[in-house]
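Remarks on the overall topology
This is what each chain is made of:
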Amino acid sequence: MKNMSKHDLKSNTIPAVVTVGPVALLLLLLVLAPLILVTVMSLCQTDEFYNVVYRFTLVNYSKLLSPDYIKIYGQSLLIAFITTLICVLIGYPFSYVIARTKSKKRQLFYMLVIIPFWTNSLIRIYGWRTFLGSSGWLNKLLMAMGVAAEPIELLYKTGTTVLGMVYCFIPFMVLPLYTAIEKLDASLLEASSDLGARPVKTLFEVILPLTSSGLFSGCIMVFIPCLGYFFVSNILGGGNTDMIGNLIERQFKSANNWPLGAALSIILIVVTLILVKIYQKLGGDMDSLGV
Amino acid sequence: MGTIIELTGVNKIYGTNHVVKDLNLTVEEGEFLTLLGSSGCGKTTTLRMIAGFEEPTTGSIKVEGESIEEKEPFERNVNTVFQTYALFPHKTIFDNIAYGLKMKKVPKAEIKERVLDMMDMVQLTGFENRYPSQLSGGQKQRVAIARALINRPRVLLLDEPLGALDLKLRKQMQLELKRLQKKLNITFIYVTHDQEEALTMSDRIAIMHDGVVDQLASPKDIYEHPATRFVATFIGETNTYDGCVTSMTDGVATVTLENGAVRVKCDDSFNILEYATVSVRPESMRFDTKPHEGFELVAVVKDFIYVGSVLKCIVSLPNGNELKIERLSGQELPEIGSRIYPYWDPMDGVLIHNDSYKIFKALDEIKLA
Amino acid sequence: MRKAKKEKRIKRLSIVFCLLVYLFLFLPIFVVVSNSFNATTTKPYLSWKGFTFDWYVKLWDNSALLESFGNTIIIALASTILATIIGTLGAVGIYRYKFKGKGIINGLLYIPVVIPEIVIGIALLTIFTNANVPRGMLTLILSHVSFSVPYVIFNVRARLSGYDKSIEEASMDLGANRVVTFFEITLPVLMPGIAGGALLAFTLSIDDVIISYFVNGQTKTYPLKVMESIKSGVSPDVNALSTLVLVGTIVLVYITQSGILSGKHNKI
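Residues numbered from 1 in each chain as written. Chains lettered and ligands numbered in written order. Predicted model: local features only at pLDDT ≥ 70, side-chain atom pairs only at ≥ 80, totals over all residues. Heavy atoms only, no water.

With respect to the sheet that holds strand β12 (residues 252-257) of chain B
Residue and element names in this part refer to chain B. The sheet built from five strands is open, its strands ordered β13-β12-β11-β14-β20 with antiparallel pairing. Two strands close off the open sheet at either side, each with one partner strand: β13 (260-265) and β20 (350-353). The mean angle between the axes of side-by-side strands here comes to 45 degrees, regardless of whether they run parallel or antiparallel. Here strand β11 (residues 239-249) pairs with β12 via six bridges, running antiparallel. (Pairing = 2+ DSSP bridges. Helix = DSSP H or I, 4+ residues; strand = E, 2+ residues; numbered from the N terminus. Axes fitted to C-alpha atoms, helices over the stretch in contact; angles between N-to-C directions.)

Right, here's the structure in full:
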């Protein structure tokens, strides 16, 4: 601005710098710069000691196309998809019931969804492993009931990983759905039935369209992070159900090929961008992803 | 009594939107001045520039002879009553009202005394510990006024302060505000779009239209001598006739219309063959069953509307324009569909220069040149 | 009559369904809590050997575990305070002032929220390594701030959307300058949003595994300590500590829920 007046300086420029400056600096240094660096690194080589050498190459991207990796991408997408689907199927009716509870208990029901999250997630996943293990409660129960003669191996299967993922992410589905359903005006449902719609019709014509925002943001908040949650498949899948996250983790923590790990991360970034674009196209509000 | 606020050549432009155009306005000390106009006319922007929330694009604003454009709102000795009340939701009524004094670091004991006095004055005693959300609209309004007045400002700015109240409460608050203003002898600058409110309360009214003050005068003057066609139609009900001044004798002009001619008083500022507008209030209109001297106006009675003590005749001219003529209830009425001849005492009408005509004339001159 | 019966059946069904979901959510917690009372002393501490309080006593001798827990609390407090300050200022600034690059800042804010944590983790690791920042407490705190700031901003922003800006003008009109207005008016009115954001930031920080895993260096946080011990079997003193934390947070949140968050007169 050419003729920036003193008034403007005092009432806009200085306050803007003071308030937005810190967050802008933070975002530039700890979000944008790191991601740019990862992108650059994905195009770099390593020397024989696995140090990153900043020389251009596409070799990391060509490695991404190896059949082993492609199998894992497919597996990751499948696990994330099934997880999301189950979260919707369980989460929607569940959120609906608690959000439409009329009494004061509604707050309590809501808190009961959040409380488990104050216990460390690793230890809860480990709790599942204890529960499902060969000497765990479930096997003991099954044998006591005579259903099984000897312990059944329940761990280290795709299903176990999905169970852990559903467990980790179901609140991210329930909370946005709860918010959307709670906002739903009861008189709309009455109006729909007054106008002759049966309950199922009301569900598809009124309830689902009006709560779709919560549904979409729930799906985004389940599907995307699911791809990167390497420790769930580590603990419950025992290495049989690797996901993209496990591949990345290995490149940075044991195989020490950071450029390759960076290239693998680019896949996750691209998937995220595509899904977020779809989400926005469907009319999703970005802010509701974080509240 | 002297000038307390002086706006000189004030313009406010937002992007391509010229909201206030070359505004000159002086406010006298102790007066109740109303800025009246429909939404978007620039009245609220003018008020906000005086308060310091907006900065004039060009021009100067002086309070007591001192330029204040560079001053922040908190450095100005004016206070505002907001349209939305803007009460602090997290503070009690007492703390809301005490806020300005607290900022001035007035001793606690004095704050308490003054706040309680002020609460008494606006009839809110006993509400000290309530929160704004626990008050009714009218009570919130009183808090907003008390909160501003306690600072003893030289000028109080009020931005449609009664807009959110229902009619009965609004009438009551109008009187109360006027009483407070007289009692405290503070200059009020009042923004409203409600002409009745403006006429009831103001010492002077500035009628704003498209960022320009069309007329600044007392309510009586504005009603009886509207300066522009806009003012005439905006304030109260009126009948207007656009025509051409064809003769002027002894301060009475004959104006020839599209379908007839009428007579109206005029002054020296008018010229023969000038296009002008005649404005006559419905209560000044008369009619007869035969043509009246000097008037060539024929109309057909369309409808009657009862408004309490008076009755309004709607009559239509041959060109389709409708006129309103007020009669006392109980007076004999013509039949609907019958032909009548409207007229008035030339002294009761007002002749107004027709701005739009000036523009045409200027264009003609440009073309001729 | 048939209608009433049908409704009753649906209601009963939905209650059973919800109970099952809650069972699913709480089952591993029951396992964790019950294992904290397990008298077993042999790895991997899975079989039940009777009831004991021993682990709650032994816990206090496990200095490595306590230290990691202390680190987690320090990091969570530090990052929550920083994120809350930066986020609140930022939310107000973005909402209120005109400046270039607002769109970019808004866009960047969504990244830590939507992108898988592992990507943020390796990206931060990379930048810290390249900038020669020694990994440890500092990098952990910085990383936690960077992923929790957006949550604070979104929470405060939600509060701002129903906010009448004229109360700030009123404050300035009554003689308060911008700084006083911020502390007297803006901050208290936004408090529920700020508190919600801070609570979220704290929760995210104490439970963070993935990002901490990449940027921790030699500093162990409690979740990382758990991760380490999972390989050889989690010993019941970890369960004991988790149980204590769970009880502690429930009490804490009960207090805050009935206090700040339900500010009665803070309606706007």
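Right, picking up where we left off after that structure.
A look at the layout of surface pockets
In this structure, the second largest pocket encloses a volume near 2,000 Å³. Considering the residues around the second largest pocket, the lining is formed by 39 residues, among which Tyr96 and Arg100 of chain A together with Glu7, Ile10 and Lys11 of chain C are closest to the centre. At the level of elements, α3 (67-99), α4 (105-114), α8 (186-194) and α9 (199-228) of chain A together with α1 (2-35) of chain C are the ones that each hand at least two residues to the lining of the second largest pocket. The biggest single contributor to the lining of the second largest pocket is α1 of chain C, with twelve residues. (1 Å grid on protein atoms, 1.4 Å probe; cavity = no way out; pocket = protein on both sides within 12 Å on 5 of 7 lines; lining within 4 Å. Points joined across faces, edges and corners; volume = space filled by probe spheres on them.)

Describing the domain arrangement of chain A
Each domain of chain A was delimited in the assignment, giving domain 1 (1-35) and domain 2 (67-289). Each of domain 1 of chain A and domain 2 of chain A was reduced to a C-alpha centroid, and the two centroids are 38 Å apart. (Domains from an automatic or database assignment.)

Observations regarding the environment of Gly283 of chain A
All names here are of chain A. Topologically, Gly283 is positioned in the segment after α12 (258-281). Assessed through its relative accessible area of 58%, Gly283 is described here as exposed. Note: C-alpha distance between Gly283 and Ser212 (71 residues apart in sequence) is 9.3 Å. (Buried < 20%, exposed > 50% of the residue type's maximum accessible area, 1.4 Å probe, protein only.)

Describing the nonpolar core
In terms of nonpolar packing, the biggest core is built from 188 residues, with Phe231 of chain A, Ile5 and Ile189 of chain B together with Phe214 of chain C touching the most fellow members. Counting residues per element, this core draws most heavily on helix α7 (residues 158-183) of chain A, at twelve residues. Not counting residues within four places of it along the chain, the set of residues in contact with Phe231 of chain A comprises Ser121, Leu122 and Ile125 of chain A together with Val209, Ile210 and Met227 of chain C. Counting residues in hydrophobic clusters, the runner-up holds 36 residues, among them Val115, Ala144, Leu162 and Leu177 of chain B. (Core = buried A, V, L, I, M, F, W, Y, C linked by side-chain atoms within 4.5 Å. Contact = heavy atoms within 4.5 Å.)

A look at the packing of helix α5 (residues 121-132) of chain A against α1 of chain C
Helix-helix packing is characterised by the crossing angle of the two axes and by the distance between the axes. Close contact between α5 of chain A and α1 of chain C brings their axes to 8 Å; oriented N to C, the two are set at 85 degrees. Classified by the angle their axes make, α5 of chain A and α1 of chain C are roughly perpendicular. Of the residues in α1 of chain C, those in contact with Ile123, Arg124, Gly127, Trp128, Thr130 and Phe131 of chain A of α5 of chain A are Phe24, Leu27, Pro28, Ile29, Val31, Val32 and Asn35 of chain C. Of the residues assigned to the contact of α5 of chain A with α1 of chain C, the class counts are nine nonpolar, three polar and one charged. (Parallel < 35°, antiparallel > 145°, perpendicular 65-115°, else oblique. Nonpolar A, V, L, I, M, F, W, Y, C, P; charged D, E, K, R; others polar.)

Brief notes about the pattern of salt bridges
If the charged atoms of two oppositely charged side chains come close together, the side chains can form a pair. If you walk through the whole model with that rule in mind, you get 27 salt bridges over all chains. Bridged by salt links that share partners, the residues Glu29, Glu64 and Arg154 of chain B form one connected network. (Salt bridge = Lys/Arg side-chain N within 4 Å of Asp/Glu carboxyl O.)

A closer look at unusual backbone geometry
All names here are of chain B. Even without being a glycine, Tyr85 presents a positive backbone phi close to 70 degrees. By the element assignment, Tyr85 lies in the loop between β6 (78-81) and α2 (93-103). Residue classification places Tyr85 among the buried residues on the basis of a relative accessible area of 9%. Of note, the phi angle at Leu273 is positive, near 75 degrees, even though the residue is not glycine. Inspection of the secondary structure assignment puts Leu273 in the loop between β13 and β14 (275-280).

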